Amino acid sequence: MDKKTILVWFRNDLRIHDNEILLRAVERSQTIVPVYCFDPRYFIETELGTQKTGVLRAAFLRENVAALQKDLQALGGDLIITQGYPEKLLPQIAEKYDVDEVYHHREVAYEETKISALVEAALWKMQINLRHFIGHTLYHKEDLPFPIKDIPDAFATFRKKTERESSIRPELGRPDAIYIPEGMDTGHLPELSELGFPNAAIEEAVHLHFHGGERVALQHMGTFLHNNQGTLGYSHLSPYIAIGALSPNTFYHAIKGAENITLDKKRVEQIILKLLWRDYYRFMFKKHGNQFFQAGGLTGNPPETLADDKKLFEKWKTGTTGHPIVDSSMKELNETGHINHHQRVIVATYLIHQLKVDWLKGAAWFEEKLLDYGPASNYGSWAHAAGVGTSVKDNKPADIKKLSIQFYPKTSAVVG
Ligand SMILES: Cc1cc2nc3c(=O)[nH]c(=O)nc-3n(C[C@H](O)[C@H](O)[C@H](O)COP(=O)(O)OP(=O)(O)OC[C@H]3O[C@@H](n4cnc5c(N)ncnc54)[C@H](O)[C@@H]3O)c2cc1C
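Residues numbered from 1 in each chain as written. Predicted model: local features only at pLDDT ≥ 70, side-chain atom pairs only at ≥ 80, totals over all residues.

Right, let's talk about the overall build of the chain for a bit. Scanning the chain for helices and strands turns up 17 helices and five strands. Here the C-alpha radius of gyration of the chain, 22 Å, is about what a compact globule of 416 residues would show, namely 22 Å. Overall, the chain is about 70 × 50 × 40 Å in size when its C-alpha atoms are taken along their principal axes. At a minimum sequence separation of 6, the contacts of the chain that also span at least 24 residues come to 76%. (Helix = DSSP H or I, 4+ residues; strand = E, 2+ residues; numbered from the N terminus. Rg over C-alpha atoms; globule rule 2.2 N^0.38 Å. Contact = placed C-beta atoms within 7 Å.)

Printed below as a string of structure tokens:
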């Protein structure tokens, strides 16, 4: 074993199990320095007047970071929790603990990759290498049957080729013990007020509907697999997958393990298909980058919008449009930070095609509110709802009436 110190920079990978950066750092070093930075860039107001991170996701994030610290402590380690720009803080920590190398998981969206580049440049000045790992997807980028630039835009083709020509890696183990520098200063977990939230907002986050942490995520997954169904068959695991408390790989292997025991083959295929959609959006973000943040998306033809859509957007946001399913879904989103896939499709389609409001505003509202917010899944899904996404066949508005009757038969009778 090399006698070196590796800094493990946690971002959206807040777990011990199946975490390559943690496992490799432990294998290749004598001591590791685990760090999480609350980056102020994620706690600001956007140009559209929404918050980049709403109070519910911030509270959920705090719980996940606190849980990670506890889990690291249980293995003999700990977690440095800081607040500030990673490109400033990580070099300071690296210097303090005589770090030889920094490990992190590569992200795909512009803002996240830009932050990595800033950290890389700052560390480079100290002749410290930032090593990138790929660990957010079910299929490893290196195992795909095509380079990113040649990934088929059509989801059906992507799926067919990937499933036929690639395979999913086995789950990684977890370290048995973690060694950290003696007397490591662990900082403190910032309060919501320190992250900039006013008291009125903080009160909203007193009763979280989802609690954070890897143990909660694994328990939740166990219950879902055991009980088989969940509400309408949804696992509600996305907040944990998005923040990395649960890896898609662990979920996949657990589903396969439950096949023909508590889950039939068809259900297993359905869940894997959904995880594949998640991969697809991430790979499309890598391929097409910032086009997802433009109203014209991939086609350059944005849907028609009203010149003054302010009032309509306000009604949609607050769940006061008069459409019962849209309104109850938006209220549920605002209160809990989560709604199921069909509710998302319905409210997005309604905003874009019925109210004719700019879809980027809807996507920004979801960005603020969703506990499972991820740039690729969110903006990729919104682009499809707006008809400007990557997969031409999926660029069509959903049939709200049909979905309503199928999933909300009682309420849809009111809608007519
Ligand atoms: C407008 C819109 C915005 C969305 N924004 C997000 C987002 O920011 N983050 C996010 O994770 N998902 C997003 N989705 C996809 C999907 O709605 C959620 O992943 C799903 O509702 C999560 O609930 P679940 O965990 O019960 O999913 P399950 O049905 O149990 O699915 C299992 C897992 O597969 C993944 N998944 C399921 N469906 C999709 C999908 N269509 N696309 C991508 N991944 C999927 C999730 O990680 C999920 O946890 C969005 C969908 C729409 C229509």
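Let us now look at the sheet that holds strand β1 (residues 5-10). Strand order in this open sheet of five strands is β3-β2-β1-β4-β5, and the pairing throughout is parallel. Only two strands of the sheet have a single partner each, and these edge strands are β3 (80-83) and β5 (129-133). Direction aside, neighbouring strands of the sheet carry axes that sit 25° apart on average. Here five bridges tie strand β4 (residues 101-105) to β5, and the two strands are oriented parallel to one another. Along β5, the bridge assignment pairs Val 102 with Leu 130. (Pairing = 2+ DSSP bridges. Axes fitted to C-alpha atoms, helices over the stretch in contact; angles between N-to-C directions.)

Time to look at the environment of Phe 43. Among the secondary structure elements, Phe 43 is positioned in the loop between β2 (31-38) and α2 (55-74). Through-space distance from the C-alpha of Phe 43 to that of Leu 123 is 24 Å; in sequence the pair is 80 residues apart. In this view, Phe 43 contacts Lys 52, Thr 53, Leu 195 and Gly 196; residues no more than four positions away in its chain are not counted.

Another point: the site of the ligand. Close to the ligand lie 28 residues; Tyr 234, Ser 235, Ser 238, Asn 378 and Ser 381 are nearest. Listed by contribution, the elements that provide at least two residues to the shell around the ligand are α8 (238-243), α10 (265-288), α13 (341-354) and α15 (375-385). The leading source of residues in the shell around the ligand is α10, at six residues. Among the residues making up the shell around the ligand, the classes are represented as 15 nonpolar, nine polar and four charged. No fewer than three residues from each of domain 2 (139-169 + 218-289) and domain 3 (294-415) sit in the shell around the ligand. (Near = placed C-beta within 6 Å. Nonpolar A, V, L, I, M, F, W, Y, C, P; charged D, E, K, R; others polar. Domains from an automatic or database assignment.)

This part covers the domain arrangement of the chain. Under the domain assignment used here, the chain contains domain 1 (1-133), domain 2 (139-169 + 218-289) and domain 3 (294-415). Taking the mean C-alpha position of each, domain 2 and domain 3 sit 23 Å from one another. Contributing elements (two or more residues each) for the side of domain 2 that touches domain 3: α5 (155-165), α8 and α10. The biggest single contributor to the side of domain 2 that touches domain 3 is α10, with six residues. Within the side of domain 2 that touches domain 3, the residues separate by chemical class into 10 nonpolar, three polar and three charged.

A few words now on the pairing of β3. In the sheet, β2 pairs with β3 via four bridges, with the strands oriented parallel. If you follow Val 35 over to β3, its bridge partner there is Ile 80. In this region the chain leaves β2, passes through α2 and returns to the parallel neighbour β3; the handedness of that crossover is right-handed. (Right-handed = clockwise from strand over helix to strand, strands pointing away.)

Looking now at the packing of helix α3 (residues 86-96) against helix α4 (residues 110-124). α4 packs onto α3 with a crossing angle of 35° between their chain directions and a minimal axis gap of 8 Å. The two elements α3 and α4 cross, and the hand of that crossing is right-handed. From α3, Pro 86, Glu 87, Leu 90, Pro 91 and Ala 94 reach across to α4, where they touch Ile 115, Leu 118, Val 119, Ala 122 and Leu 123. (Left-handed = near helix turned anticlockwise from the far one by under 90°.)

Here we take up α5. Along α5, the residues classified as buried are Phe 155, Phe 158 and Thr 162. Projection of α5 onto a plane perpendicular to its axis shows the buried side chains occupying an angular sector of 60°, all on one side. Exposed positions of α5 whose direction lies more than 90 degrees from the buried face are Ala 156, Lys 160, Arg 164 and Glu 165. For α5, the elements touching its buried residues are α10. (Buried ≥ 20, exposed ≤ 12 C-beta atoms within 10 Å, placed from the backbone. Arc of directions from axis to C-beta.)

Phi is positive for Asp 18, which is not a glycine, with a value near 45°. Relative to the helices and strands, Asp 18 is located in the loop between β1 and α1 (20-28). The buried category is assigned to Asp 18, around which 23 C-beta atoms lie within 10 Å.

What follows deals with α2. Residue pairs spaced three or four apart in an α-helix point in one direction, given the helix's 3.6 residues per turn. Taking 1.5 Å as the rise per residue, α2 with 20 residues should run 28 Å; its terminal C-alpha atoms sit 29 Å apart, in good agreement. Of all 20 residues that make up α2, 15 are buried, and the element is covered over most of its length. Directly beyond the C-terminal end of α2, a positive phi value near 95° is found at Gly 76. (Expected span 1.5 Å × (residues − 1).)

Let us look at the environment of Leu 237. Tracing the sequence through the fold places Leu 237 in the loop between α7 (214-227) and α8. Looking at Leu 237, the number of C-beta atoms within 10 Å reads 20, which means it is buried. In this structure the C-alpha to C-alpha distance between Leu 237 and Phe 251, which are 14 residues apart in sequence, comes to 9.2 Å. Residues contacting Leu 237, with those up to four places away along its chain left out, are Ala 217, His 220, Met 221, Phe 224, Leu 246 and Phe 251.

Moving on to the packing of α10 against α15. Contact pair α10 / α15: the axes reach a minimum separation of 8 Å and the direction vectors enclose 90°. Considering their axes alone, α10 and α15 lie roughly perpendicular with respect to each other. When α10 is examined against α15, the residues Arg 278, Tyr 281, Arg 282, Met 284 and Phe 285 are found in contact with a partner set consisting of Pro 375, Ala 376, Ser 377 and Gly 380. Partitioned by chemical class, the residues of the contact of α10 with α15 number five nonpolar, two polar and two charged. (Parallel < 35°, antiparallel > 145°, perpendicular 65-115°, else oblique.)

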